[in-house]
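# Topology and contacts: notes
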Amino acid sequence: MSLRVGVIGGGQLARMMVPAAVNLGIDLRVLAEAEGSPAQLAATAVGDYRDLATVLEFAKTVDVITFDHEHVPEEILRELVSAGHPVHPGPDALRFAQDKLAMRRRLSELGVPVPDWAEVRSEDELAAFLDDHDGQAVLKTARGGYDGKGVRLIRDVGESTAWFRILDEDGRGGSLLVEELVDFRRELAQLVARRPSGETRLWPVVETVQRHGVCSEVFAPAPGTTSRLVDLAGSIAVTIAESLDVTGVLAVELFETTDDRLLVNELAMRPHNSGHWSIEGSVTSQFEQHLRAVLDLPLGDTATRSPWTVMVNVLGGPAAGDLTDAYPKALADQPNVKVHNYGKEPRPGRKIGHVTATGDELDEAAFEARSVAALLGADLAG
């Protein structure tokens, strides 16, 4: 029996599904946005994921649809389901990853711990929230934000004027999400996979380090975690996955606060940057697990292969030349490190790859990974 999985989106996440699909004998097909995408090895179609006819035609060639990103319009997702095409995760789940306000409402209804938040439609409503929160807050667009985009620290209402003006000019009305500025000790991420029949598997909770709003490093497992924290993070992730009926990999980004609480920051319903370490560091990578889950196959073991795994993103890349130009020195200096090149042109702040080191000592693994990332041109400055 042939297993055909269609991925909408030709980015690096789809690219990293390819080796897992090859190993399992899965026919992976990708609807890429443009020629020469990172996932071009599996790109069987090129077209606009916002065009219903294009997406429906692509869906006819596969057994199940999944995603490299969460930007496919909800109405297209519902048309796919209406036409009888399995979609994982489905539109009822994805709406909570696409709309931060909908996500905050639903998580609050479920009793999942989140930062104090409000929906604001005017500068007056924002001013009232600031007055109640020591004059500072985090303002977010409800849709479209990622990697620090659509997120702004606000200490004065005037800093929000341009965003409210855009909402007014849109003509459809709209609102923004405002949240308390959380006093957190560090950021964590809990990944969980869930298949339609209900089986779930958790990876170890990891620590993520953000620079300029973009994930820079991941430490697996998160250093210094207590059994209480591990149990709580896992419980939160499973509750969300089951309550929202998520199929596939779900990433729950968390704040560990200075008063020892865990608060949900963001959700991603797909393989996630915080899980790239699992390619080398886990018995089953997030990419293989995602394919298993959307096909409703038994999920794999998520135990770690080494005591420590450190993943460092290559952000920016070399000022001149290609990423591969640095291979001779980087690979010779640190033969323990694995390099993942996304096939993207270098650009300041752009994720063009990542590197992973595993080992018995956390500091040594971190040193090795950072060394190779730096040789590849990554900007590791604060």
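Notes on the structure follow. (Residues numbered from 1 in each chain as written. Predicted model: local features only at pLDDT ≥ 70, side-chain atom pairs only at ≥ 80, totals over all residues. Heavy atoms only, no water.)

This part takes up helix α3 (residues 74-82). Among all positions in α3, only I76, L77 and L80 are buried. Axial view of α3: buried residues confined to an arc of 100°, hence all on one face. Turned more than 90 degrees away from the buried face of α3 sit E75 and S82, all of them exposed. In this structure, the buried side of α3 is in contact with α2 (52-59), β4 (64-67) and α4 (91-98). G84 lies just past α3 and shows a positive phi near 90°. (Buried < 20%, exposed > 50% of the residue type's maximum accessible area, 1.4 Å probe, protein only. Helix = DSSP H or I, 4+ residues; strand = E, 2+ residues; numbered from the N terminus. Arc of directions from axis to C-beta. Contact = heavy atoms within 4.5 Å.)

To find leftover empty space, one rolls a probe the size of a water molecule over the atoms. Taken as a whole, this structure holds one cavity of 30 Å³ or more when the rule is applied. Quantified by volume, the largest cavity comes out at close to 30 Å³. Residue lining of the largest cavity: A189, L191, W203, P204, V206, S274, G275 and W277, and that is the complete set. Here the lining of the largest cavity is built from residues that sort into six nonpolar, two polar and no charged. (1 Å grid on protein atoms, 1.4 Å probe; cavity = no way out; pocket = protein on both sides within 12 Å on 5 of 7 lines; lining within 4 Å. Points joined across faces, edges and corners; volume = space filled by probe spheres on them. Nonpolar A, V, L, I, M, F, W, Y, C, P; charged D, E, K, R; others polar.)

Spatial ordering of the open sheet is given by β3-β2-β1-β4, a layout of four strands whose pairing is parallel. Either end of the sheet is taken by a strand with one partner, and the two such strands are β3 (43-46) and β4. Strand after strand, the sheet turns through a mean of 25° between neighbouring axes, direction not considered. The pairing of strand β1 (residues 4-8) with β4 spans four bridges and is parallel. (Pairing = 2+ DSSP bridges. Axes fitted to C-alpha atoms, helices over the stretch in contact; angles between N-to-C directions.)

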